[in-house]
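Residue-level listing of the chains:
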Amino acid sequence: MAIVPAWMLADGEYVGLGVGEQVTTGLALAVTGTSASASAEPADPPGLRQAGEQPGFTTARGRVECPHDGDGVRAGTVLCAGTWAVVPFAATPLRPGEDVVVSGWLTAEPYLWAADGVLARAVPAGRADWRVARVSCVVDGADPAEIGRLPDEATVDPDAAYLLELVPAD
């Protein structure tokens, strides 16, 4: 489950994206907690785990990498968590080569993973083709309400959180 912030819809990103449609994007994690170790391998296998009681809240375990583009320029920081590549937004810098466990809110991220962007070229596995399995809206902490598609710029609720359940495209 990934969050699509209302401002992203207001800017025209993902407008009208609905159940059954495909989208190519990467993911980012707004980190709220971290733990790190210098061990050669994480204690548990790398990957993502989401909390069922908190839509969009995700724990990622993996190795920190700082990929470079074809010219050797650093493209950013990426957490490689098994088959996943996630861009972490952290309060404290994550050091390359560390095994970390980070928790936070997973966001579908069209800007960082833009097809013509340096991060997408440096870490092509960070972008994936997804199919939208479900679209929900949460307002003022209420339970998520299923909606058929994301709203357009004119009807987006600036106080709502929009949730996408993404599954790998066939």
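Structure's up top.
Predicted, not measured: the structure shown is a model, and the values here were computed from it.

### Some remarks on the pattern of salt bridges
Next, step 1: Applying the stated criterion across every chain, the model contains 4 salt bridges.
Next, step 2: Of the charged contacts, one joins Glu21 and Arg149 as a salt bridge, the two residues approaching to 2.9 Å between their closest N and O atoms. Of this pair, Glu21 sits in the loop between α1 (6–10) and β2 (22–37) while Arg149 sits in the loop between β9 (145–147) and β10 (160–168), and the two are 128 residues apart along the sequence.
Next, step 3: With relative accessibility at 30%, the residue Glu21 sits in the partly exposed group.
Next, step 4: With a relative accessible area of 45%, Arg149 lands in the partly exposed category.

### Things to note about the packing of aromatic side chains
Next, step 1: Within this structure, the stated rule accounts for 3 aromatic pairs.
Next, step 2: Aromatic side chains Trp7 and Tyr111 sit 6.2 Å apart centroid to centroid with 10° between the ring planes, which places their arrangement in the stacked category. Pair noted here: Trp7 is in helix α1 and Tyr111 is in the loop between β7 (99–109) and α2 (118–122), with a separation of 104 residues, a long-range link.
Next, step 3: Note on Trp7: relative accessible area 46%, which makes it partly exposed.
Next, step 4: On the basis of an interplanar angle of 70° and a centroid distance of 5.1 Å, the ring pair of Phe57 and Trp105 is categorised as edge-to-face. A residue pair is termed long-range when its members are at least 10 positions apart, and Phe57 in strand β4 (residues 57–65) and Trp105 in strand β7 qualify at 48 residues.
Next, step 5: Given a relative accessible area of 17%, Phe57 falls into the buried group.
Next, step 6: According to the relative accessible area criterion, Trp105 is partly exposed, its value standing at 30%.

### Some points on the environment of Gly33
Next, step 1: Mapped onto the elements, Gly33 comes out in strand β2.
Next, step 2: On the accessibility criterion, Gly33 (29% relative accessible area) is partly exposed.
Next, step 3: As a C-alpha pair, Gly33 and Ala75 span 42 residues in sequence and 23 Å in three-dimensional space.
Next, step 4: Residue contacts for Gly33: discarding those within four places in its chain leaves Val101, Val102 and Ser103.

### Side note on the nonpolar core
Next, step 1: Residues Val4, Tyr14, Leu150, Tyr162 and Leu164 are the most contacted members of the largest nonpolar core, which totals 30 residues.
Next, step 2: Sorting the residues of this core by element identifies β1 (2–5), α1, β2, β4, β7, β8 (128–139) and β10 as the ones contributing at least two each.
Next, step 3: In this view, Tyr14 contacts Val4, Met8, Leu9, Val23, Thr25, Ala108, Glu109, Pro110 and Leu150; residues no more than four positions away in its chain are not counted.
Next, step 4: Counting 9 residues, the second largest nonpolar core, distinct from the first, contains Ala75, Val78, Cys80 and Val123.

### Points about the side chain of Ser103
Next, step 1: On the secondary structure map, Ser103 appears in strand β7.
Next, step 2: In this structure the side chain of Ser103 is engaged in a polar contact, spanning 3.2 Å, whose partner is the side chain of Thr59.
Next, step 3: Beyond its immediate stretch of four places on either side in the chain, Ser103 contacts Leu29, Ala30, Val31, Thr32, Gly33, Phe57, Thr58 and Thr59.

### As for the pairing of β1
Next, step 1: Side chains Ala2 and Val4 project from β1 onto one buried face, and the interleaved Ile3 and Pro5 project onto a second face that is buried too.
Next, step 2: Strand direction decides the pairing type here: β1 and β10, joined by 4 bridges, are antiparallel. By the bridge assignment, Ile3 is partnered in β10 with Leu163.

Rules used in this analysis
- Residues numbered from 1 in each chain as written.
- Predicted model: local features only at pLDDT ≥ 70, side-chain atom pairs only at ≥ 80, totals over all residues.
- Heavy atoms only, no water.
- Salt bridge = Lys/Arg side-chain N within 4 Å of Asp/Glu carboxyl O.
- Helix = DSSP H or I, 4+ residues; strand = E, 2+ residues; numbered from the N terminus.
- Buried < 20%, exposed > 50% of the residue type's maximum accessible area, 1.4 Å probe, protein only.
- Phe/Tyr/Trp six-rings, centres within 6.5 Å; stacked < 30°, edge-to-face > 60°.
- Contact = heavy atoms within 4.5 Å.
- Core = buried A, V, L, I, M, F, W, Y, C linked by side-chain atoms within 4.5 Å.
- Polar contact = N/O pair within 3.5 Å; in protein donor to acceptor, adjacent residues only side chain to side chain.
- Pairing = 2+ DSSP bridges.

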